[in-house]
Amino acid sequence: MSAQSITRTAFVTSRRLEFLSEKELVAQCGHPVAEWPLVVIKELADNALDECEAQGIAPEITITVDTDESWIEVADNGPGIPVEIVDRLPDFSVRVSSREAYVAPDRGAQGNALRTILAMPFVLHGEQGRVDITGGGQHTSITIGIDRIEQKPAVLGWERLQKTGSCVRAWWPRELARELAAIRRFAFDLAALNPHLTLAVTTESETQRFEASDPDWRKWRPSSPTSPHWYTLENFERLIGAYVVHDNEHRNGQPERTVRGFISEFAGLSNTAKQKQILEATGLSAAPLSALISNGDFDRAKTEHLLRVMRAQSKEIKPVALGTIGREHMRRRLAMWDTEGASFGYKAVHGFDDSGLPQIVEVAFAAFDEGGHDYGRRLIAGVNWSPALGNPFERDQLLADRYLGRDEPIVLAIHVANPRVAISDRGKARVQITGGQIEKALAAVGQSWTKQRKAEERTAAARARRAALYRSRRTSLKEIAYGFMKQAYLQASDDGSLPTHWRQVFYAIRPLVEAQSNRPLIDKTFKGII
C-alpha cells in the first residue's frame, strides 16, 4: 500500500443544473414525460388567459402542433410575455412570476411554469433545447444547454429581432403524433371552462374551432385587488417580503413604498379614510413597508396586527363575486359530445371552505347516447378556470359510489373556484377541496342517474328503460358518419385507386361530421362505428 496522501479540495458546484433533469421537472409540474406536451399547452394557455383578462380583452388563443417539424405553439391576442421577464428566464436560480406571491383565484400561480417549459426540450434532447418567445414587440429565440466545465445551465443561442404578436413555440425533440388526441381533448376542456374564450386547435393541417359562447363573460380578474381575508399571516408576510425585495432591486432612487401604498392595493381599502384609520390603529402612519421587517425577519407583532386591522376595515368577498361558468355554456359544450340532451344536469353551489374562503363548485352531467357506451367516462375537471390533466379532487370513491366512476358512459364536468386552493403535491396536480360543496353538487346533478344505475343492477327491465329515459330526437354521430362515409373514403383513397387505412378515412370524415353535428368526433368513436 502506498504511503502517499493528498489533501482533498472541497469543490463548489452549482445546483442549478438539477432543474434540467427529468426527475426535477416531473416533481415541478406533477406530470410524467408523456404528458409534458399537455403541460406546455396548459401553462401557456393559463398565462395567456390571465393576461388577456387583466387587460380586459376577450381572449383568442390558437394552439398549433406541427408533427413534421416537431413543435408546439400557443399564440394569443394579449400583450405577450414582457421582455424583462424573457431576459431572466435562463436564470434557473430564481423564480419570476406576477402571480406567485398574491392570493387570488388565478390560473397561472405556479411561478416557474415558463422556466419548466424552457427546460423540457433540453431534458428530452439531452444536449440542447430551443424555445421561441414573441411578446412586447420582440421575438426571442433561446437555446439552452449545459456548461459542462462549471456544471450549470448555459445559453447556447440567443437571437432577438423586432416582431409584433404574442406566442411561445417549444421545439419538441420527440414524436408528437401520439399526443394529438389528448391535445384535442384538452383544448375542448379549456373551451368548456372559459365561456369568453375563442379557441382554435390545428393538428396535422386540420383545425377545430370553438367560438366563445359569451365574449363579455366576467369573473374575478387577475388585475382585481385581492382581499386581506384571503391571506394567512404566512401568505401576507410573503407578499410584504416580495414587495420589499422587488423595490430594493428596481427603485432606482424613487421613494420607498409606504405601508399606506401597500394597503391601498387591497379590495375595499382604496378609501383614504379607511387607510388613515388602519395606519393610526397600527402606528404605521407614513412608515415605509420595510418598517415591518426587523433584524432580517418580519416583525411578527406588527404584521399580525396590520393584517387583523385590514380585515376589520374590509368586507369579506362573497362567493358570487368569483364568477361562475354557467348552465347554458356547460349545456352547449357537453352537447358537443354524443350525449342525450334530456340527461343534462347542472348545479352550482356557493359557499365557503373550511378555512372560511369563498368557494363555488359547479358540476355538469350528461349521459352518452346508446352509441357512446364505449367511451367510458369523459371527465372535465378544473380549478380556477384551468383544466386539470386528470382528476385533481381525490373523490374517486365518492364518484364510484354514485355511479359516476371512470367506466360509466357519461360526461362529467367538475369546476372549483377558490382564491387559495390547498395543494396536495409539489407539482400542484392534486388539490384538497373542503366545505362539502362538491358532495352537494354531485348529489344534486347525479341523483336520477344514480337511481337509474342502481335499478339496472337489480333488473334487466331497468336497463332497457335507460334509453327511453334519456332519449332525444337528435341524430347520432353514427348516423351522420354513415352519411359521409363514401365521400370520405373516396377522398382518402384518391377515388378508390389507393389502399386506405381506417385512420386516413377518419381524418377525411372528421371535419364533415363535426361541422354538421357541432360535436367532436374522436378516433375511438369512429373506429367503433366502422
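Keep in mind that this is a model prediction, so the values were computed, not measured. (Residues numbered from 1 in each chain as written. Predicted model: local features only at pLDDT ≥ 70, side-chain atom pairs only at ≥ 80, totals over all residues. Heavy atoms only, no water.)

J.: Any details on the overall build of the chain? Residues and values, ideally.
T.: Scanning the chain from terminus to terminus reveals 17 helices and 17 strands. By the burial criterion, 51% of the 530 residues in the chain qualify as buried. Sequence-distant contacts in the chain: of pairs separated by 6 or more residues, those separated by 24 or more amount to 70%. Within the structure as shown, the chain displays about 25300 Å² of accessible surface, and the carbon and sulfur contribution to it stands at 47%. Each charge sign in the chain was given a centre, from 68 positive and 67 negative side chains, and these centres are 5 Å apart. (Helix = DSSP H or I, 4+ residues; strand = E, 2+ residues; numbered from the N terminus. Buried < 20%, exposed > 50% of the residue type's maximum accessible area, 1.4 Å probe, protein only. Contact = heavy atoms within 4.5 Å. Areas by Shrake-Rupley, 256 points an atom, 1.4 Å probe, with all protein chains shown as cover. Lys, Arg positive; Asp, Glu negative; His and termini not counted. Charge placed at Lys NZ, Arg CZ, Asp CG, Glu CD.)

J.: I'd like to hear about the side chain of Glu179, residue by residue, with values.
T.: Its place among the elements puts Glu179 in the loop between strand 6 (167–171) and helix 5 (180–192). It is Arg178 that comes nearest to the buried, bridge-free Glu179 among opposite-charge side chains, at 6.5 Å. Ignoring sequence-local partners within four residues, the contact set of Glu179 consists of Ala34 and Pro37. (Salt bridge = Lys/Arg side-chain N within 4 Å of Asp/Glu carboxyl O.)

J.: Which residues make up the packing of aromatic side chains, and what values go with them?
T.: Counted by the stated rule, this structure contains 16 aromatic pairs. Stacked on the ring of Trp71, the Lys or Arg Arg169 has its end atom at 3.6 Å from the ring centre. Over the ring of Trp385 we find Lys219, and its NZ or CZ is 4.4 Å from the ring centre. (Phe/Tyr/Trp six-rings, centres within 6.5 Å; stacked < 30°, edge-to-face > 60°. Lys NZ or Arg CZ within 6 Å of the ring centre and 35° of its normal.)

J.: Can you tell me about the sheet that holds strand 15 (residues 410–417), naming the residues and giving the values?
T.: Pairing within the open sheet is mixed, and its 5 strands lie in the order 11-12-15-13-14. The sheet is open, and its two borders are formed by strand 11 (345–352) and strand 14 (386–387), each paired with just one other strand. The pairing of strand 13 (residues 378–383) with strand 14 spans 2 bridges and is antiparallel. Among the inter-strand pairings, Val383 is bridged to a residue of strand 14, identified as Ser386. With respect to the sheet, helix 5 is in contact with strand 13 and strand 14, its orientation differing from that of strand 13 by roughly 55°. (Pairing = 2+ DSSP bridges. Axes fitted to C-alpha atoms, helices over the stretch in contact; angles between N-to-C directions.)

J.: An account of helix 4 (residues 113–125) is requested, with residue identities and associated values reported.
T.: Between its first and last C-alpha, helix 4 extends 19 Å over 13 residues, near the 18 Å set by a 1.5 Å rise per residue. The largest bend in helix 4 is about 25°, located at Ala119, with the proline Pro121 one to four residues further on. Along helix 4, 12 of the 13 residues are buried, which leaves the element largely enclosed by surrounding structure. Ala113, Leu114, Arg115, Thr116, Ile117, Leu118, Ala119, Met120, Pro121, Phe122, Val123 and Leu124 are the residues of helix 4 that are buried. Once helix 4 ends, the next one or two residues include Gly126, with phi positive near 100°. (Expected span 1.5 Å × (residues − 1). Bend = angle between axes of the 7 residues up to and from the residue.)

J.: Outline unusual backbone geometry, supporting the account with residue identities and numerical values.
T.: Residues other than glycine seldom take positive phi values, yet Asn295 does so here, at roughly 55°. If you trace the backbone, Asn295 turns up in the loop between strand 9 (293–294) and strand 10 (297–298). Assessed through its relative accessible area of 81%, Asn295 is described here as exposed. One non-glycine residue, Asn384, adopts positive backbone phi at about 50°. The topology assignment puts Asn384 in the loop between strand 13 and strand 14. Classification of Asn384 by relative accessible area gives buried; the value is 4%.

J.: Tell me about the sheet that holds strand 6, residues and numbers included.
T.: The sheet built from 8 strands is open, its strands ordered 5-4-3-6-2-1-7-8 with mixed pairing. The open sheet has two edge strands with one neighbour each: strand 5 (152–162) and strand 8 (206–210). Sheet twist, expressed as the mean angle between neighbouring strand axes with direction ignored, is 15°. The sheet contact formed by strand 3 (residues 129–135) and strand 6 spans 4 bridges and is antiparallel. Its bridge partner being in strand 6, Asp132 is matched across the sheet by Arg169. Sheet strands in contact with helix 2 (residues 36–54) are strand 1 (60–66), strand 2 (71–76) and strand 6, and its direction is about 10° off that of strand 2.

J.: Mind laying out the pairing of strand 12 (residues 358–367), listing which residues take part and the relevant values?
T.: Among the 10 residues in strand 12, 10 count as buried, and that is most of the element. Burial of the side chains of strand 12 extends over both faces: Pro358, Ile360, Glu362, Ala364 and Ala366 are buried on one face and Gln359, Val361, Val363, Phe365 and Ala367 on the other. The pairing of strand 11 with strand 12 spans 8 bridges and is classified as antiparallel. Within the sheet, the bridge partner assigned to His350 lies in strand 12 and is Ile360. Where strand 11 folds back onto strand 12 in an antiparallel hairpin, the turn is made up of 5 residues, including Gly356, whose phi is positive at roughly 85°. By the bridge criterion, 8 bridges tie strand 12 to strand 15 in an arrangement that is antiparallel. Bridge pairing in strand 15 places Ile360 opposite Ala417.

J.: Can you tell me about the environment of Glu204, naming the residues and giving the values?
T.: Here Glu204 is to be found in the loop between strand 7 (198–203) and strand 8. When the C-alpha atoms of Glu204 and Arg115 are compared, they prove to be 28 Å apart, with 89 residues separating the residues in sequence. Once you skip the residues sitting within four places of it in the chain, Glu204 turns out to touch Val65, Thr67, Leu180 and Tyr507.

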